[in-house]
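Structural overview for review
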Amino acid sequence: VFLFLANVRGVRVVAKDMLFRVPGLGFIMKMSHQIPVVRGDMDSYVRSLETVKEYLQDNETVLIFPEMTRGFEGLQEFRLAPFKVAKEIGVGILPIVIRGSEKIWPRNKMRLTPGLVDVRSLPEISAAEFKRSEDLCRTVHTTMLKELQ
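Residues numbered from 1 in each chain as written. Predicted model: local features only at pLDDT ≥ 70, side-chain atom pairs only at ≥ 80, totals over all residues. Heavy atoms only, no water.

Side note on the confidence of the model for the chain
Looking at the chain as a whole, the pLDDT averages 84, with 90% of positions reaching at least 70. Within the chain, no element has a lower average pLDDT than helix H1 (residues 2-5), which sits at 55, and none a higher one than strand E7 (residues 125-126), at 95. (pLDDT = per-residue confidence, 0-100. Helix = DSSP H or I, 4+ residues; strand = E, 2+ residues; numbered from the N terminus.)

Structure (structure tokens):
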């Protein structure tokens, strides 16, 4: 994903800082201005959200995995912060459902396994239609969950 995104202007990904230290991949991520976040470090989390706001205000696209993790089968609980940012900036959310990635790149493994991943883009959900970030978050989660069933 990051190799592809390195060549796409205006698209950023929020990713854990460990990926920025992987030889080759880290260089590409830094040069393509992806957004690092240190798990468990609130200051890093706040800095990354400020960076997300700046990119969104510059009309760039930011990809955020709202579970803030990867590798579980199904959909986990979403973090509220990305939805607060969307609501504050007034941008829409384009839910993307990914199936099968947990089999190709399992949690706590560095080795990839050959296989297929199904990626589906769902209709955009306007943050402006919601009074509360919590309702926006719940609607996006429910929409994605329905697609996974």
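Observations regarding the environment of Leu-19
Here Leu-19 is to be found in the loop between strand E1 (11-16) and helix H2 (25-31). The buried category is assigned to Leu-19, whose relative accessible area is 11%. Spatially, the C-alpha atoms of Leu-19 and Met-29 are 8.2 Å apart, while their sequence positions differ by ten residues. (Buried < 20%, exposed > 50% of the residue type's maximum accessible area, 1.4 Å probe, protein only.)

Looking at unusual backbone geometry
The backbone of His-33 sits at a positive phi, close to 60 degrees, despite the residue not being glycine. Topologically, His-33 is positioned in the loop between H2 and strand E2 (35-37). We note that Asn-59 has phi near 65 degrees; this positive angle belongs to a residue other than glycine. Within the secondary structure, Asn-59 sits in the loop between helix H3 (42-57) and strand E3 (61-63). Residue classification places Asn-59 among the exposed positions, given a relative accessible area of 73%.

Focus on the pairing of E1
Burial analysis of E1 places five of its six residues in the buried class, which makes it a mostly covered element. Where E1 and E3 come together, three bridges link them in parallel fashion. When the bridges of E3 are listed, Val-11 appears paired with Thr-61. As judged from the three bridges shared by E1 and E2, these two strands associate in the parallel manner. Paired with Lys-16 across the two strands is Val-37, which belongs to E2. (Pairing = 2+ DSSP bridges.)

Considering the sheet that holds E3
If you trace the three strands from one edge of the open sheet to the other, you get E2-E1-E3, paired in parallel fashion. The open sheet has two free edges, formed respectively by E2 and E3, since each of these has just one partner strand. Within this sheet the neighbouring strands show an average axis-to-axis angle of 20 degrees, counted without direction. Together, E1, E2 and E3 form the strand contacts of H3, whose direction differs from that of E2 by roughly 160 degrees. (Axes fitted to C-alpha atoms, helices over the stretch in contact; angles between N-to-C directions. Contact = heavy atoms within 4.5 Å.)

Some remarks on the side chain of Gln-34
Mapping Gln-34 onto the fold places it in the loop between H2 and E2. Reaching out from Gln-34, the side chain makes a polar contact with the backbone nitrogen of Val-13 at a distance of 2.6 Å. (Polar contact = N/O pair within 3.5 Å; in protein donor to acceptor, adjacent residues only side chain to side chain.)

Re a nonpolar patch on the surface
Together, Phe-65, Leu-94, Ile-96, Ile-98, Val-117 and Val-119 give the surface a local cluster of nonpolar side chains, amounting to about 470 Å² of exposed area. Take Phe-65: it is sitting in the loop between E3 and helix H4 (81-89). (Patch = residues over 30% accessible without salt bridge, like charges linked within 9 Å, V, L, I, M, F, W, Y side chains within 5 Å. Areas by Shrake-Rupley, 256 points an atom, 1.4 Å probe, with all protein chains shown as cover. Salt bridge = Lys/Arg side-chain N within 4 Å of Asp/Glu carboxyl O.)

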